[in-house]
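Observations on the three-dimensional arrangement
Spelled out from the first residue to the last, the chains are:
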Amino acid sequence: MRPKFIAGNWKMNTTRVEAAQLASAVASRVAEHDRLTVAVCPPFPYLEAVGNAIEGSKVALGAQNLYSEPSGAYTGEVSGPMLVDLGCRFCIVGHSERRHILGETDAIIHRKIKAALAVGLIPIVCVGELLPERDAGQTMDVVASQLSSAIAGLSEAEAGQLVLAYEPVWAIGTGRNATPEQAEEVHSHIRKILADRYNAILAGKTVIQYGGSVKAANADSLLLQPNVDGALVGGASLQADEFLAIVAAGLRVINR
Ligand code: PEP
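Here we summarise the structure given alongside this text.

What counts and what doesn't
- Residues numbered from 1 in each chain as written.
- Predicted model: local features only at pLDDT ≥ 70, side-chain atom pairs only at ≥ 80, totals over all residues.
- Heavy atoms only, no water.
- Helix = DSSP H or I, 4+ residues; strand = E, 2+ residues; numbered from the N terminus.
- Expected span 1.5 Å × (residues − 1).
- Contact = heavy atoms within 4.5 Å.
- Buried < 20%, exposed > 50% of the residue type's maximum accessible area, 1.4 Å probe, protein only.
- 1 Å grid on protein atoms, 1.4 Å probe; cavity = no way out; pocket = protein on both sides within 12 Å on 5 of 7 lines; lining within 4 Å.
- Points joined across faces, edges and corners; volume = space filled by probe spheres on them.
- Near = heavy atom within 4 Å.
- Polar contact = N/O pair within 3.5 Å; in protein donor to acceptor, adjacent residues only side chain to side chain.
- Areas by Shrake-Rupley, 256 points an atom, 1.4 Å probe, with all protein chains shown as cover.
- Nonpolar A, V, L, I, M, F, W, Y, C, P; charged D, E, K, R; others polar.
- Axes fitted to C-alpha atoms, helices over the stretch in contact; angles between N-to-C directions.
- Parallel < 35°, antiparallel > 145°, perpendicular 65-115°, else oblique.
- Left-handed = near helix turned anticlockwise from the far one by under 90°.
- Salt bridge = Lys/Arg side-chain N within 4 Å of Asp/Glu carboxyl O.
- Pairing = 2+ DSSP bridges.
- Right-handed = clockwise from strand over helix to strand, strands pointing away.

The subject of this paragraph is helix α5 (residues 106-118). Two residues of an α-helix separated by three or four positions point the same way, owing to the 3.6 residues in each turn. Its 13 residues give α5 an end-to-end C-alpha distance of 18 Å, which sits within 8% of 18 Å, the value for a rise of 1.5 Å per residue. Each element contacted by the buried residues of α5 is listed here: β4 (90-93), α4 (96-100), β5 (122-127), α7 (139-151) and α8 (156-159). Gly-120 sits one or two residues past α5 and shows a positive phi near 85°.

Dropping the structure here:
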């Protein structure tokens, strides 16, 4: 059975002190579990403070982005080796806010995935449709196209490292989550794409998170879906109690 993976994407929020306090509060209440992974992804400037706050705990550190080159004249960018140096295990790649606000293309996202893999960072690769695309019945095509571009040319060993996150853009930060059935439909579509492109074993092992207005109140029903292996949590990850309640939902589903 696949593990559950709950990750908090703090986006461009918190002060340094708030980040350390939030991380400590989460770390103090997450216990070791062989089938549950928990990570927090603070803003770049607070990675070190958060890394110190969670040191020795069962909570892993993730970044929200990286640049596709390992070093050089790229003013303002942050590289994979720097993130590894700071203790990151995960890196979100292709979040919809980067696609749609910062203008990242499928090609850029693909390069970032390769850069993350090259240094041993586990990319959390986000895919998801806009509301007009869902309304036009294009969800499966959009997700397939984003995913195909993300994994283009990746070996089975490389693809086997990826975590995927289905994040319908209309559900992110809106309070309107996908229904469990909508999430399950897309997640099983994603798994089929992986099975067709690689094989059933790889597809069966790949962790696919759902993201989009996950909170304590809807986490159980989403995580109960057979192909929903975790959650990428934005707003609700900024409150320790709420985030920990989502982690608890993950544990409940594992222990059913
Ligand atoms: C996200 O940032 O990936 C996200 C899903 O945000 P929210 O939970 O706030 O919708």
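Okay, α7 next. Here α7 spans 18 Å end to end across 13 residues, near enough to the 18 Å set by a 1.5 Å rise per residue. Listed as buried for α7 are Thr-139, Val-142, Val-143, Ala-144, Gln-146, Leu-147, Ser-149, Ala-150 and Ile-151. Where the residues of α7 are buried, they touch α4, α5, β5, α6 (131-135), β6 (163-166) and α9 (180-197). Residue Gly-153 follows α7 closely and has a positive phi angle near 80°.

With that settled, consider empty space enclosed by the protein. With the rule as written, the count across this model stands at 1 cavity of 30 Å³ or more. Its boundaries defined by the atoms lining it, the largest cavity holds a volume of some 40 Å³. What lines the largest cavity is simply Gly-94, Ser-96, Arg-99, His-100, Cys-126, Val-127, Gly-128, Glu-167 and Val-169. Of all elements in the fold, only α4 and β5 reach the threshold of two or more residues within the lining of the largest cavity.

All right, on to the site of the ligand then. Not every one of the 14 residues close to the ligand is listed here, only the nearest: Lys-11, Glu-167, Gly-173, Ser-213 and Gly-234. Glu-167 places a side-chain nitrogen or oxygen 2.7 Å from an oxygen atom of the ligand. Surface burial for the ligand is 95%, taken as the share of its 290 Å² of free accessible area covered by protein chains. A class-by-class count of the residues in the shell around the ligand yields 4 nonpolar, 8 polar and 2 charged.

Attention shifts here to the packing of helix α1 (residues 16-27) against helix α2 (residues 47-54). Two numbers describe how α1 lies on α2: the axes approach to 8 Å, and their chain directions differ by 30°. Classified by the angle their axes make, α1 and α2 are roughly parallel. Read as a crossing pair, α1 and α2 show a hand that is right-handed. In contact with Arg-16, Ala-19, Ala-20, Ala-23, Ser-24 and Ala-27 of α1, α2 contributes Ala-49, Val-50, Ala-53 and Ile-54. Looking at the contact of α1 with α2 residue by residue, the class counts come to 8 nonpolar, 1 polar and 1 charged.

When the charged atoms of two side chains lie near each other, side chains of opposite charge can form a pair. Per the stated rule, a full pass over the model turns up 12 salt bridges. Glu-97 is the salt-bridge partner of Lys-11, the closest N and O atoms lying 2.7 Å from each other. You can see Lys-11 sitting in the loop between β1 (4-9) and α1 and its partner Glu-97 sitting in helix α4, a full 86 residues away along the chain. Classification of Glu-97 by relative accessible area gives partly exposed; the value is 25%. Because the salt bridges share partners, they merge into one network encompassing Arg-2, Arg-191 and Asp-229.

Strand order in the closed barrel formed by 8 strands is β1-β2-β3-β4-β5-β6-β7-β8, with parallel pairing between adjacent strands. Recorded for the sheet is a direction-independent mean angle of 25° between the axes of neighbouring strands. Pairing between β1 and strand β8 (residues 230-233): 4 bridges, direction parallel. From the neighbouring strand, Ala-7 faces β8, where its bridge partner is Leu-232. Strand contacts of α5: β4 and β5, with the helix running at about 160° to β5, the strand carrying the most contacts.

Residues Gly-230 and Leu-232 line one face of β8 and the alternating positions Ala-231 and Val-233 line the opposite face, and both faces are buried. Where strand β7 (residues 208-211) meets β8, 2 bridges bridge the pair, whose relative direction is parallel. If you follow Gly-211 over to β8, its bridge partner there is Leu-232. Note on the crossover from β7 through helix α11 (residues 216-223) to β8: the handedness is right-handed.

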